[in-house]
Structures are given as C-alpha cells and as structure tokens.
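As a plain string of letters, each chain reads:
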Amino acid sequence: MTVHIGAEKGQIAETVLMPGDPYRAKWVAETFLDDAELVHEVRGMFGFTGSWKGNRVTIQGSGMGMPSMSIYANELIRDYGAKTLIRIGSCGGMQEHVKVRDVIIAMTTTSTSTPSSTMFRELNFAPCADYSLLSAAVKAAKSVDVGVHVGGIYSSDTFYSERKDLDEQMQRHGILGVEMEAAELYTLANRYGVRALGIMTVSDHLLTGEALPSDQREKSFGDMVEIALNAAFA
Ligand SMILES: O=P(O)(O)O[C@H]1O[C@H](CO)[C@@H](O)[C@H]1O
Ligand SMILES: O=c1cc[nH]c(=O)[nH]1
C-alpha cells in the first residue's frame, strides 16, 4: 500500500490504463474487463484490476492536472512496478480538422510547466511517448471506425485559460488538442524507463465551442479504450 493507493502490491497489474475521471475508470473496468475487482478506493480515486483477452490490466484514475497524475504515476511505477501506463483521457480540439469525438494519439506534449520543471531548471525537456506503444496504437486505430490524429498535444495547468495568446501559438504550431496530464506522465515514464502513451477523445472544441456533457465524457469513449488495450498487448 502507498499513501494514495490502498491496493496490495500484487493487486496492481504491470499494465495500467489511466483516465482522469475515476468514474470513467469504473465504466472501463465494467465494460471491457473480465473479472474486474475494485482493488482500492482511497480518496474515491478507484483502481480496478481484471483481465482483457487473458491479459492482466489495472484501470487507475489519475485525477485532474499534473500534480495529481504525478502522485499516481510515481506510486504505480516506483512502488507497484507498473511497466506500461496509458492515459485514456478527454481533451479539447485545437485544429479545424480535429472533430469532437475524434481520437488523438499524442506523440509529444508541450507545456508551460510540469511538476518536474523546477528540477529541469533552464532545460526545455521534450516529453515523448513510447514508440512501441505509439506505433501499436496507430495500427490498432485502423480497425476502429473513428477519426484518428497523431501528433503533438498541449498539457495545460488550467482548464479555464486566461492566456488565449498561448492557445493561438499552440494552434499555429499544429498542436492537435489540450489536456492536463500527459506531459508529467511522459516525463516520469522517460525518467524511470517504462512505457507511456496518451490517447485522448476530443470532448469539446476550442474553435467551435462544441462540448459533450459529463455523462458522455464518463461513459462513451470506448474507441480510445479499444485502441489502448490493443496497443498495450500488441
Ligand atoms: O477526462 P480526463 O481524463 O480527466 O482529462 C481532461 O479532463 C479534465 C478536465 O475536464 C482534465 O483532467 C483533462 O486532462
Ligand atoms: O483539459 C481539457 C480537457 C478538455 N477540454 C479542454 O479544453 N481542456
């Protein structure tokens, strides 16, 4: 057990899917896993372990924002021995060709800061996805009937941004979508030599103002889950 994860060591699988929303974790576990078991619920940030096509997998909520993601990813990697961590999130679309409900597979992620920024000081570290997971996800996405985009995303510290100028710079530079956790997940995976990838469904759009309601963000993003599970065990 750790401070934030109440499971015993053997109850967490080496492969972990991480939605921000703990209720998306519950939906994914109940919808996609066989024999899903709630292995802890410290702070209501559910962790479920079960199997998918005979492969053991844990679904662990990360909470919102990089400080929260950092706590769960650190404990999963350093205390539970997680080797493959895939964020299954929602994000805001930032390009015209990226539509609501499309899926974004994040190759790299840009940020103004992560919990590791103070350590890097003047270094602009470039957090990048694990290539084996990235290429497996791109391949898996071909069997799913959804628009898929592969490229850079923006991991922001704010949901309600006061810096529209930054959003514009991201858009000018081809950034596909904005979310709030992947940069820290990639940075920790890069540091500890494990595999990480972020797969996000577009839940709203910065250019059009469209937005899906919370129940759909919780319970309807199955395409990205299919892609994530197939990539994890490719
Ligand atoms: O839907 P999740 O996975 O939480 O991801 C996105 O949604 C939250 C904001 O609503 C942030 O955590 C952001 O990254
Ligand atoms: O972090 C997020 C998630 C969804 N939509 C946004 O605009 N930002």
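As the structure is a computational prediction, the values presented were derived from the model and not from experiment.

A word on the packing of helix H2 (residues 66–78) against helix H6 (residues 182–192)
Argument step 1. The contact between H2 and H6 brings their axes to 9 Å, and the two run at 30°. The angle between H2 and H6 falls in the class roughly parallel. Judged by the sense of rotation from one axis to the other, the crossing of H2 with H6 is right-handed. In this structure, H2 contributes Met-66, Met-69, Ser-70, Ala-73, Asn-74 and Ile-77 to the contact, and H6 contributes Ala-183, Glu-184, Leu-185, Leu-188 and Tyr-192.
Argument step 2. Split by residue class, the contact of H2 with H6 holds eight nonpolar, two polar and one charged.

As for the packing of helix H4 (residues 131–141) against helix H8 (residues 222–232)
Argument step 1. One can describe the packing of H4 onto H8 by two numbers: an axis separation of 8 Å at closest approach and a directional angle of 130°. Classed by the angle they form, the pair H4 and H8 counts as oblique. Regarding H4 and H8, the two cross each other, and that crossing is right-handed. Touching Leu-133, Ala-136, Ala-137, Ala-140 and Ala-141 of H4 are Ile-227, Asn-230 and Ala-231, all from H8.

Things to note about the UniProt feature "site: Important for catalytic activity" (unreviewed entry) in the protein chain
Argument step 1. UniProt tags Arg-217 as "site: Important for catalytic activity" (unreviewed entry).
Argument step 2. Residue classification places Arg-217 among the buried positions, given that 20 C-beta atoms sit within 10 Å.
Argument step 3. Discounting residues that sit within four places of it in the chain, Arg-217 has contacts with Asp-21, Ser-90, Ser-203 and Leu-212.

Re the nonpolar core
Argument step 1. With 70 residues, the main nonpolar core has Leu-85, Ile-86, Ile-104, Ala-137, Ile-199 and Ala-228 as its most contacted residues.
Argument step 2. With residues near it in sequence (within four places) discarded, Leu-85 still touches Val-16, Met-18, Ala-73, Leu-76, Leu-185, Ala-189, Val-194 and Ala-196.

Side note on the site of ligand 1
Argument step 1. Around ligand 1, the structure places Pro-19, Gly-20, Asp-21, Met-64, Gly-89, Ser-90, Phe-159, Glu-179, Met-180, Glu-181 and Arg-217.
Argument step 2. Grouping the amino acids of the shell around ligand 1 by side-chain chemistry returns four nonpolar, three polar and four charged.

A few points about the confidence of the model for the protein chain
The predicted structure's coordinates, where accompanied by low pLDDT, should not be read in detail.
Argument step 1. Confidence in the prediction of the protein chain, expressed as mean pLDDT, is 97, and 100% of residues score 70 or more.
Argument step 2. Overall fold confidence for the complex sits at a pTM of 0.98, while the interface term, ipTM, reaches 0.98.

Observations concerning the site of ligand 2
Argument step 1. Looking at ligand 2, the residues that line it are Ser-90, Cys-91, Gly-92, Phe-159, Val-178, Glu-179, Met-180, Ser-203 and Asp-204.
Argument step 2. Where the shell around ligand 2 is concerned, the elements lending two or more residues are strand E5 (84–93), strand E8 (177–179) and strand E9 (195–205).
Argument step 3. In terms of residue count, the dominant contributor to the shell around ligand 2 is E5 (three residues).
Argument step 4. Considered class by class, the residues forming the shell around ligand 2 number four nonpolar, three polar and two charged.

Calculation criteria
For every chain, the first residue of the written sequence is number 1, and numbering continues from 1 along that sequence. Lettering of chains starts at A and numbering of ligands starts at 1, both following the order in which they are written. Two thresholds apply to this predicted model, a pLDDT of at least 70 for residue-level local features and 80 or more for giving and counting side-chain atom pairs, whereas whole-chain, interface and lining totals are computed over all residues. Note on method: axes are straight lines fitted to C-alpha atoms, helices fitted across the in-contact stretch only, with angles between N-to-C directions ranging 0 to 180 degrees. A run of H or I in DSSP counts as a helix once it spans at least four residues, and a run of E counts as a strand once it spans at least two, with each numbered from the N terminus. Roughly parallel means an angle under 35 degrees; roughly antiparallel means over 145; roughly perpendicular covers 65 to 115; every other angle is labelled oblique. Crossings are assigned a handedness: left-handed for a near helix turned anticlockwise from the far helix by less than a right angle, right-handed for a clockwise turn. In this description, a residue-residue contact is defined by the distance between C-beta atoms placed from the backbone, which must lie within 7 Å. Three classes are used: nonpolar for Ala, Val, Leu, Ile, Met, Phe, Trp, Tyr, Cys and Pro, charged for Asp, Glu, Lys and Arg, and polar for all others, with Gly counted as polar. UniProt positions are given in the numbering used here, feature names are shortened, and annotations may be inferred rather than shown by experiment. In this scheme every C-beta is placed from the backbone, and a residue whose C-beta has 20 or more other C-beta atoms within 10 Å is buried, one with 12 or fewer is exposed, and one in between is partly exposed. Any nonpolar core is a set of buried residues, restricted to Ala, Val, Leu, Ile, Met, Phe, Trp, Tyr and Cys, that join up through C-beta atoms within 7 Å. We call a residue near a molecule or strand when the C-beta position, derived from backbone atoms, sits within 6 Å of it. On a range of 0 to 100, pLDDT expresses the predictor's confidence in each residue.

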